[in-house]
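The chain contents come next:
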Amino acid sequence: MRLRLGRVSYLNCLPLYYPFEKNGFAEAELFSGPPAELNQLFLKHQLDVTPLSSIEYARNYQDLLILPDLSIAADGPVLSVMFFYRQEFSGRLQNIKKVGVTRESATSVVLLKIILKELFGADPQYVPMNLDIEFYRKTDLDGVLLIGDKALAGYYHLPQNLEVLDLGEAFKKLTGLPMVYAVWAVHRETCQKEPHKIKKLTELFFQAKNYSYAHWQEMVEFGSQKYPFTPEEIDGYLKIISHELSEREFSGLLEFYRRASKIGEAPAGVLVKIWREDDWM
Ligand SMILES: C=C(O[C@@H]1C=C(C(=O)O)C=C[C@H]1O)C(=O)O
């Protein structure tokens, strides 16, 4: 059986999946969707490997491993995890009372709570809903959390009466570290049953990343056919998104878990376990 592999449908995943999308992918069956949907499918064992919201790894860490050298991260501004708010709260974010949060996310909702509390002393009501940047015309919300391509579009075309807070930039200000939004997770059970397929998949991702970086402009052009952004916008955005999981990202991940646990959004003492070939083959 082929592995069932998730893909976040946003632009941020393009460098990891571009060669598969261009040339086809025999080793796995691809499922594309927003993060929250992939999280649910994966936790119900309907996906074998997927980019998983990093907070969901923390909540389920005992059953899971993380594939090496893969993430969706940014060391500072991220441009696509954004809190948009009414201009009247400019310089007084501590006064916001009611915030809408996209249902597509898991990690960024927790990140927003941490940032608003720790950096601004705000503790608003959070309302999950399906949202877009036009919220200020249609609702009484003070602000909204958007992620992915909707957030990126909002950043590139910010409506006049809104301000925006980049949550990656805010996390860096708070901790000095990169923020890890998603990791590639696999169930322990799958590592036991399908060690060779998991190994092959880690190799394919390694090659895919190298291929995309070596054919950057071609990938950017491909992206501009598929996503509603210009090649310049795609180039600028993908240069700040990191797909690494090196020591700095690792430290950022642990710091995020520590702060999430402090507000009751993650268990204490999360163990981050990376898949290694020698442990399973
Ligand atoms: C940087 C991003 O990271 C994402 C945010 C996620 C979340 O909030 O749960 C999950 C996966 C990533 O797609 C983004 O979506 O723009």
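Given the structure is predicted, the values throughout are model-derived calculations rather than measurements.

Scanning the protein from terminus to terminus reveals 13 helices and 11 strands. The C-alpha atoms of the protein give 18 Å as radius of gyration, which agrees with the globular expectation for 281 residues (19 Å, within 12%). By its C-alpha atoms, the protein is 55 × 45 × 30 Å across when sized along the principal axes. Out of the 281 residues belonging to the protein, those deemed buried represent 56%. Across the protein, every contact between residues at least 6 apart in sequence was considered, and the portion connecting residues at least 24 apart equals 82%. With 32 positive and 37 negative side-chain charges, the protein shows a separation of 4 Å between the mean positions of the two kinds.

Ser53, Ser80, Ser105, Thr107 and Ser108 are the nearest of the 18 residues found near the ligand. Within the side chain of serine 53, one N or O atom sits 2.6 Å away from an oxygen atom of the ligand. When the ligand is considered free in solution it has 380 Å² of accessible area, and contact with the protein chains removes 100% of it. If you list the elements that add at least two residues to the shell around the ligand, you get α4 (107–120) and β11 (179–187). In the shell around the ligand, the residues fall into 11 nonpolar, seven polar and no charged.

Right, let's get into the side chain of serine 224. By the element assignment, serine 224 lies in helix α10 (residues 216–226). Side-chain polar atoms of serine 224 contact the backbone oxygen of glutamate 221, separated by 2.8 Å.

Next up on the list: the packing of aromatic side chains. Considering all chains together, one arrives at 14 aromatic pairs under this definition. Measuring from centroid to centroid gives 5.9 Å for phenylalanine 135 and tyrosine 136, while their planes differ by 85°, and the two rings are edge-to-face. On the accessibility criterion, phenylalanine 135 (2% relative accessible area) is buried. Looking at tyrosine 136, the relative accessible area reads 13%, which means it is buried.

So, on to unusual backbone geometry. The general pattern is negative phi for most residues beyond glycine and trans for most peptide bonds. Here the phi dihedral of histidine 45 falls at roughly 65°; this positive angle occurs in a residue that is not glycine. Residue histidine 45 is classed as partly exposed on the basis of its relative accessible area of 38%.

Accessible area lost on assembly of the parts is the figure often given for the size of an interface. Structurally, the protein comprises domain 1 (3–75 + 178–280) and domain 2 (81–175). Once you take the C-alpha centre of each, domain 1 and domain 2 turn out to be 24 Å apart. Contacts between the two partners involve 30 residues from domain 1 and, on the opposite side, 26 residues from domain 2. On the domain 1 side of the contact with domain 2, Tyr10, Tyr181 and Arg259 bury the most area, a combined 27% of that side's loss. Viewed at the interface, domain 2 and domain 1 are joined by four salt bridges. In this structure, the salt-bridge partner of lysine 262 is glutamate 118, at a minimum N-O distance of 3.9 Å. Taken together, the connections running from domain 1 to domain 2 amount to 10 residue pairs in polar contact (both at pLDDT 80 or more). Among the secondary structure elements, those contributing two or more residues to the side of domain 1 that touches domain 2 are α2 (35–43), α3 (54–59), β11, α11 (231–240) and α12 (247–262). A total of seven residues in the side of domain 1 that touches domain 2 trace back to one element, the largest contributor, which is α12.

What counts as what
Residues numbered from 1 in each chain as written. Predicted model: local features only at pLDDT ≥ 70, side-chain atom pairs only at ≥ 80, totals over all residues. Heavy atoms only, no water. Helix = DSSP H or I, 4+ residues; strand = E, 2+ residues; numbered from the N terminus. Rg over C-alpha atoms; globule rule 2.2 N^0.38 Å. Buried < 20%, exposed > 50% of the residue type's maximum accessible area, 1.4 Å probe, protein only. Contact = heavy atoms within 4.5 Å. Lys, Arg positive; Asp, Glu negative; His and termini not counted. Charge placed at Lys NZ, Arg CZ, Asp CG, Glu CD. Near = heavy atom within 4 Å. Polar contact = N/O pair within 3.5 Å; in protein donor to acceptor, adjacent residues only side chain to side chain. Areas by Shrake-Rupley, 256 points an atom, 1.4 Å probe, with all protein chains shown as cover. Nonpolar A, V, L, I, M, F, W, Y, C, P; charged D, E, K, R; others polar. Phe/Tyr/Trp six-rings, centres within 6.5 Å; stacked < 30°, edge-to-face > 60°. Domains from an automatic or database assignment. Buried area = accessible area lost by both parts, 1.4 Å probe. Salt bridge = Lys/Arg side-chain N within 4 Å of Asp/Glu carboxyl O.

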